[in-house]
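Remarks on the overall topology
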Amino acid sequence: MTGLAQRPELRRLWSAAHARLEQTGGRLDGARAVVHDPSPDERQAIDRLLGRRSRGRSVRVALDELDALLRDRAGTSLGAVVTAACGPLRDRLGEREAAADADQRLWADAAGHPAVTRHPQLAAWFDRLRSTGRLRRLDDPARRLGEALDVAAQLPSPEPIGRARLAASVLGESHALDDHTPAGRLVLAALAHLASVDEASLTAADRRRLWAGHGVVLDETSSTALTLGLRPLDNGPLTGAARRWADGGVALPLPLAAVIAEPWRVAPGTVVSVCENATVLEAAAARLGAACPPLVCVEGVPSVAARTLLASLAEGGARLRYHGDFGSGGIAIGNLVIGGLAAEPWRFDTAAHAAALAVTCAGGAPRRPVAGRVPPACWDAELAPSIERCGVEVEEEHVLDALLADLAELGR
């Protein structure tokens, strides 16, 4: 057998037979080894071994016939010869079947995961993962998908939580959900699917918003709520310090960690004004200083810190009122604050829009065209059509004097 296995002119025959046996899982019936474009020496050696004269550009040998011939003439088997010539045989067929069984178990386990009960839309995400083969390219796919689903099952978080703390509590490692990690990328893909957005087009700000939409903050120190004149009930060193900042008439940006460390409450019935743009708060600080009543600026789409602060104030009995830009973004933010936190509109309805428009037209102030479709305002069905009809945005800066007058009156 050693002589047959080591003959160089038969090397390609044994190699082809070895590869074919791995593909068939060792089955001989109906399987053939093919030697393409054999050299004269290779063809002659194969013909002599088989006792025939071959024709054509390739030599095709039935494995069951070759095995029978080796058993009869050399007292060995084809499997033994190819193993000696090319190394041990792998059961690739069995490996494929085992992989298919493992894949089936993986998706069955995923379909039964609590995350799918909480987010039924994930079932369609599984179909996308399977079709793209993305999961198979990861090390230990079952483990990685399980990690992602364990995290998704905890979202949205009932209380704001930093991504590092979430990763440590669910996966045991604080950096396990970072952007470059398998679990972090999979969870972000799942969140993008739930939000019906294209994961490939996400910017850093988009990723931050996706996480924040489920109560997760990428950096707990970067999520802040900008305040002025906020004098909360003294519930600890942080709320106590905030009262002193208000007495100083200085704007105070509250990090999320501070907002969740103590209860932020004011006396029940206290009006807390909420604005969209920092310009309003800066002007209030300059004109009213320490006399400014409680004012919170959401600075665009409210951060987790801003939403948490406003929710805490509302739960304590504060009366929230909101003003924003008369435009698509301002109305969308108004739906979050007025619709989501039961705030009242503050000079922010159809009548106020008409008055603001008249003021800006009379003053000749430059105005931008309305950007995109204006969403319906949950508190005033006529407001969005009114904005779209005029075709321009009326920003808070255009009605700043009226807002400051309201704050001055409230602060008396």
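Residues numbered from 1 in each chain as written. Predicted model: local features only at pLDDT ≥ 70, side-chain atom pairs only at ≥ 80, totals over all residues. Heavy atoms only, no water.

1. Some remarks on the pattern of salt bridges
Scanning the model with the defined rule gives 20 salt bridges in all. With a shortest N-O distance of 3.9 Å, R265 and E315 are connected by a salt bridge. In this pair, R265 is assigned in the loop between α14 (256-261) and β7 (271-275) and E315 in helix α16 (residues 304-315), connecting sequence segments 50 residues apart. Owing to a relative accessible area of 62%, E315 belongs among the exposed residues under this scheme. Between R368 and E395 there is a salt bridge whose closest N-O contact spans 2.6 Å. Of the two residues, R368 sits in the loop between α18 (350-363) and α19 (383-390) while E395 sits in the loop between α19 and α20 (400-411), which places them 27 residues apart along the sequence. On the accessibility criterion, E395 (19% relative accessible area) is buried. (Salt bridge = Lys/Arg side-chain N within 4 Å of Asp/Glu carboxyl O. Helix = DSSP H or I, 4+ residues; strand = E, 2+ residues; numbered from the N terminus. Buried < 20%, exposed > 50% of the residue type's maximum accessible area, 1.4 Å probe, protein only.)

2. As for the pairing of strand β5 (residues 224-228)
Side-chain direction in a regular strand flips from residue to residue, so the side chains alternate between the two faces of the sheet. A large share of β5 lies buried, amounting to 4 of its 5 residues. In this structure, β5 lies alongside strand β6 (residues 252-255), joined through 4 bridges in antiparallel fashion. Its bridge partner being in β6, A225 is matched across the sheet by L254. (Pairing = 2+ DSSP bridges.)

3. Considering the environment of D325
Structurally, the position occupied by D325 is in the loop between β9 (319-323) and α17 (328-341). Taking the C-alpha atoms as reference points, D325 and L309, separated by 16 residues in sequence, lie 21 Å from one another. Here D325 is in contact with E276, N277, G330, I331, F348, E393, V394, E395, E396 and E397, once residues within four sequence places are set aside. (Contact = heavy atoms within 4.5 Å.)

4. Remarks on the sheet that holds β9
What the 6 strands build is an open sheet, ordered β6-β5-β8-β7-β9-β10; its pairing is mixed. The sheet terminates laterally at β6 and β10 (344-345), the two strands that pair on one side only. Bridge count for β7 against strand β8 (residues 295-297) is 3 bridges, and the pairing is parallel. By the bridge assignment, C275 is partnered in β8 with C297. With respect to the sheet, α17 is in contact with β9 and β10, its orientation differing from that of β9 by roughly 170°. (Axes fitted to C-alpha atoms, helices over the stretch in contact; angles between N-to-C directions.)

5. A closer look at helix α5 (residues 78-86)
Among the residues of α5, those classed as buried are L78, V81, V82 and A85. Considered in projection along α5, the buried side chains sweep an arc of 90° and stay on one side of the axis. (Arc of directions from axis to C-beta.)

6. Examining unusual backbone geometry
Across the junction of L155 and P156, the peptide omega takes the value -5°, indicating a cis bond. Structurally, the position occupied by P156 is in the loop between α9 (141-152) and β3 (161-162). For E299, which is not glycine, the phi dihedral falls at a positive 55°. You can see E299 is positioned in the loop between β8 and α16. By relative accessible area, which is 43% here, E299 ends up partly exposed. For R347, which is not glycine, the phi dihedral falls at a positive 50°. For R347, the location among the structural elements is in the loop between β10 and α18. Residue R347 is classed as partly exposed on the basis of its relative accessible area of 42%.

7. Here we look at the packing of helix α11 (residues 182-194) against helix α12 (residues 204-212)
Two elements in contact, α11 and α12, have axes whose closest approach is 10 Å; the angle formed by their N-to-C orientations is 80°. Between α11 and α12, the angle is such that the two are roughly perpendicular. Of the residues in α12, those in contact with G184, V187, L188, L191 and A192 of α11 are R207, L210 and W211. Of the residues that constitute the contact of α11 with α12, the class distribution is 6 nonpolar, 1 polar and 1 charged. (Parallel < 35°, antiparallel > 145°, perpendicular 65-115°, else oblique. Nonpolar A, V, L, I, M, F, W, Y, C, P; charged D, E, K, R; others polar.)

8. A few points about the packing of aromatic side chains
With the rule as written, the count across this model stands at 5 aromatic pairs. Here the aromatic rings of W125 and F126 are separated by 6.0 Å at their centres, their planes lie at 40°, and the arrangement is tilted. Each member of the pair, W125 as well as F126, carries the same accessibility label: buried. Judged by centre distance (5.4 Å) and plane angle (20°), the rings of F348 and W379 are stacked. Here W379 lies in the loop between α18 and α19 and F348 lies in the loop between β10 and α18, a separation of 31 residues in the sequence. Joined through ring pairs, the aromatic side chains of Y322, F326, F348 and W379 make up one cluster. Against the face of W346 rests R321, its NZ or CZ located 4.3 Å from the ring centre. (Phe/Tyr/Trp six-rings, centres within 6.5 Å; stacked < 30°, edge-to-face > 60°. Lys NZ or Arg CZ within 6 Å of the ring centre and 35° of its normal.)

9. Observations concerning the nonpolar core
The nonpolar side chains of a soluble globular protein tend to be buried, and buried together. Membership of the largest hydrophobic core comes to 62 residues, with the highest contact counts inside it found for L295, L309, L313, L320, Y322, F326 and I331. Of the residues forming this core, the biggest block, 6 residues, is contributed by α16. Beyond its immediate sequence surroundings of up to four residues, I331 is in contact with D325, F348, V374, P375, P376, A377, W379, L383 and I387. (Core = buried A, V, L, I, M, F, W, Y, C linked by side-chain atoms within 4.5 Å.)

10. Let's talk about the side chain of T181
Inspection of the secondary structure puts T181 in the loop between α10 (163-171) and α11. A polar contact is formed between the side chain of T181 and the backbone oxygen of A176, at a distance of 2.7 Å. Beyond its immediate sequence surroundings of up to four residues, T181 is in contact with H175 and A176. (Polar contact = N/O pair within 3.5 Å; in protein donor to acceptor, adjacent residues only side chain to side chain.)

The quantities given are spatial measurements derived from coordinates; they are silent on function.
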